[in-house]
Amino acid sequence: MTDKTDAARPLAPATVAARATGRVDPATGAVVPPIHPATTYERAADLSYPRGRVYTRADNPNYDAPEAVLTELEGGAESLVFASGVAAAVTLFQALPQGARVVAPEIMYWGLRKWLIEVGRPAGLGVAFVDMTDQQALAAALDEGADLVWVESPANPLWGITDIAAAARLAHRAGAVLAVDSTAATPILTRPIEHGADIVMHSATKYLNGHSDVLAGTLTVAPGLAGDPLWARVRQLRSMSGNIPGPFEAWLLLRGMRTLALRVERASANALAIAQHFARDPRLDAVLYPGLPDFPGHEIAQRQMTGGFGGMLSIRVAGGRDRAIDVAARLRLFARATSLGGVESLVEHRASVEGKDSPVPDDLLRISVGIEAAADLIADLDQALGKAPAGDAQ
Ligand SMILES: *Cc1c(COP(=O)(O)O)cnc(C)c1O
């Protein structure tokens, strides 16, 4: 019935996730929570709401468990689930005071970069993009002041690593809040709050749910910021804007989260095996993966990430754009699809997706490594790469 065991030692993330609070439904004894589709709740005769629930745009019982589990996994004070990862991030941007300034990475999830440029800026948000892997560049950008520093690590789709502790020190010195898009790392591999972050964001569509069948996002606040008006505003905006997932989506999210540790461990091991196998392959110009010793940022990743370097990697195909697209076409086990963090492996030519303003090289294929057997994935990549085209042979 209780949330935690009495033991003084904290439970391991795998246990926290698998238990999913361990709460048993008080009405039936069911070990899996019921789904609450009700949109509205009854008032008492004195018009009060004795159980604290009013209307589902503010809150839904199916949010309780995923929020509690994520809060515990992240070492935060409170979490909120949203309709999508973008909805979570945008709600935070919109909660900032009028005329606020955000410092964000040049390389980041493109949908949010696009939002900052096409929606945030026209609405009066100051936005500066910097190389977030370069502390001096961040420090220089912060000389002009900032309200929020946005970090993504590893950062889509080149997987550059930001030193979260260093970014937190710089942000805090400038009076800014540090928020981390930790979608690719997951709380299994990185706990940004332990490194000084104030807010952690996830596209729960990805690893947290893990089965490519739920759109959802989350924000988790650190204990130090939980009482801040900014967080109160985030909570208020979620309900006032209706940026909420449906109860069934929240229920599915919890179901997916139970296997988070297993999936992330397997995907990370697979990605490392693939990266190591192809690291010096002449058919590739580069394998971008934080787990490779010669990857810039590898040392920071070793300090900041525990238990693996994640399931995301990119390859740069020797021969350029057309050859990269050709390799993607020949893969049999990797579905050509956007998104990441599911049990199935996916491949995507990002430059085609992101369009002409994209900073992504056009010979790059992004790979979301699933939980299949590594040997099968390696064999498939090997057959798809085939022979290097004539003239490229080394
Ligand atoms: C997918 C993704 C997002 C956006 O999340 P949605 O759930 O698709 O809205 C944000 N950041 C990263 C790193 C992502 O991969």
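This one's a predicted model, so the numbers in the text were calculated from it and none came from an experiment. (Residues numbered from 1 in each chain as written. Predicted model: local features only at pLDDT ≥ 70, side-chain atom pairs only at ≥ 80, totals over all residues. Heavy atoms only, no water.)

Draft legend 1. Spatial organisation of the overall build of the chain. Along the backbone of the chain there are 14 helices and twelve strands. Taken over the C-alpha trace, the chain has a radius of gyration of 22 Å; the compact-globule value for 394 residues is 21 Å, and the two agree within 12%. C-alpha atoms of the chain, sized along the principal axes, occupy 85 × 50 × 40 Å. The buried share among the 394 residues of the chain stands at 52%. Taking the contacts inside the chain whose residues are at least 6 apart along the sequence as the reference set, 70% of them involve residues at least 24 apart. (Helix = DSSP H or I, 4+ residues; strand = E, 2+ residues; numbered from the N terminus. Rg over C-alpha atoms; globule rule 2.2 N^0.38 Å. Buried < 20%, exposed > 50% of the residue type's maximum accessible area, 1.4 Å probe, protein only. Contact = heavy atoms within 4.5 Å.)

Draft legend 2. Region of interest: the site of the ligand. If you check the shell around the ligand, you find 15 residues, and the closest are Val-86, Asp-181, Ser-203, Thr-205 and Lys-206. A total of 380 Å² of accessible area belongs to the ligand in isolation, and the protein chains cover 93% of it. Those elements that place two or more of their residues in the shell around the ligand are helix 3 (85-95) and strand 6 (199-203). Residue classes in the shell around the ligand are distributed as six nonpolar, six polar and three charged. (Near = heavy atom within 4 Å. Areas by Shrake-Rupley, 256 points an atom, 1.4 Å probe, with all protein chains shown as cover. Nonpolar A, V, L, I, M, F, W, Y, C, P; charged D, E, K, R; others polar.)

Draft legend 3. Looking closely at the environment of Val-31. As for its placement among the helices and strands, Val-31 is situated in the loop between helix 1 (13-19) and helix 2 (61-74). In this structure Val-31 comes out as exposed when scored by relative accessible area, which is 62%. Taking the C-alpha atoms as reference points, Val-31 and Leu-73, 42 residues apart in sequence, are found 21 Å from one another. When neighbours within four sequence positions are excluded, Val-31 is seen to be in contact with Arg-23, Val-24 and Arg-258.

Draft legend 4. The arrangement of the pattern of salt bridges in detail. Taken as a whole, this structure holds 18 salt bridges when the rule is applied. Between Arg-235 and Glu-78 there is a salt bridge whose closest N-O contact spans 3.0 Å. Taken together, the residues span a long stretch of sequence, with Arg-235 in helix 8 (residues 229-241) and Glu-78 in strand 1 (residues 78-82) at a distance of 157 residues. By relative accessible area, Arg-235 is classed as partly exposed at 36%. We classify Glu-78 as partly exposed; its relative accessible area is 24%. Between Arg-283 and Asp-382 there is a salt bridge, with the nearest N and O atoms lying 2.6 Å from each other. With Arg-283 in the loop between helix 10 (260-278) and strand 8 (284-288) and Asp-382 in helix 14 (residues 374-385), this residue pair connects regions lying 99 residues apart in the sequence. Owing to a relative accessible area of 13%, Arg-283 belongs among the buried residues under this scheme. (Salt bridge = Lys/Arg side-chain N within 4 Å of Asp/Glu carboxyl O.)

Draft legend 5. Structural context of the UniProt feature "modified residue: N6-(pyridoxal phosphate)lysine" (unreviewed entry) in the chain. Mapped onto the present numbering, the UniProt feature "modified residue: N6-(pyridoxal phosphate)lysine" (unreviewed entry) falls at Lys-206. The exposure class assigned to Lys-206 is buried, which follows from its relative accessible area of 10%. Among residues more than four places away in sequence, those in contact with Lys-206 are Thr-183, Ser-339, Leu-340 and Gly-341. (UniProt positions renumbered as here; feature names shortened; annotations may be inferred.)

Draft legend 6. Quick peek at unusual backbone geometry. The step from Ser-153 to Pro-154 runs through a cis peptide bond, and the omega angle for that step is -10°. As for its position among the elements, Pro-154 is in the loop between strand 4 (148-152) and helix 6 (164-173). Here the residue pair Asn-156 and Pro-157 is connected by a cis peptide bond, since its omega of -10° sits within 30 degrees of zero. You can see Pro-157 is positioned in the loop between strand 4 and helix 6. Located in the positive-phi region is Ala-20, a residue other than glycine, with phi close to 50°. Position of Ala-20 relative to the elements: it lies in the loop between helix 1 and helix 2. You will see that Leu-47, though not glycine, has its phi angle at about 75°, which is positive. Judged by its relative accessible area of 57%, Leu-47 is exposed.

Draft legend 7. Representation of the sheet that holds strand 10 (residues 335-336) within the structure. Sheet architecture is open: five strands sit in the order 8-9-12-11-10, paired in mixed fashion. The open sheet has two edge strands with one neighbour each: strand 8 and strand 10. Judged from the two bridges that link them, strand 10 and strand 11 (residues 346-348) form a sheet pairing that is parallel. From the neighbouring strand, Arg-336 faces strand 11, where its bridge partner is Val-347. (Pairing = 2+ DSSP bridges.)

Draft legend 8. Fine view of the environment of Asp-181. Relative to the helices and strands, Asp-181 resides in strand 5 (residues 177-181). By relative accessible area, which is 4% here, Asp-181 ends up buried. Taking C-alpha positions, Asp-181 is 9.0 Å from Met-108, a pair spaced 73 residues apart along the chain. With near-sequence residues (within four places) excluded, Asp-181 lies in contact with Tyr-109, Leu-112, Trp-150, Val-151, Glu-152, Ser-153 and Met-201. Reaching out from Asp-181, the side chain makes a polar contact with the side chain of Thr-183 at a distance of 2.7 Å. (Polar contact = N/O pair within 3.5 Å; in protein donor to acceptor, adjacent residues only side chain to side chain.)

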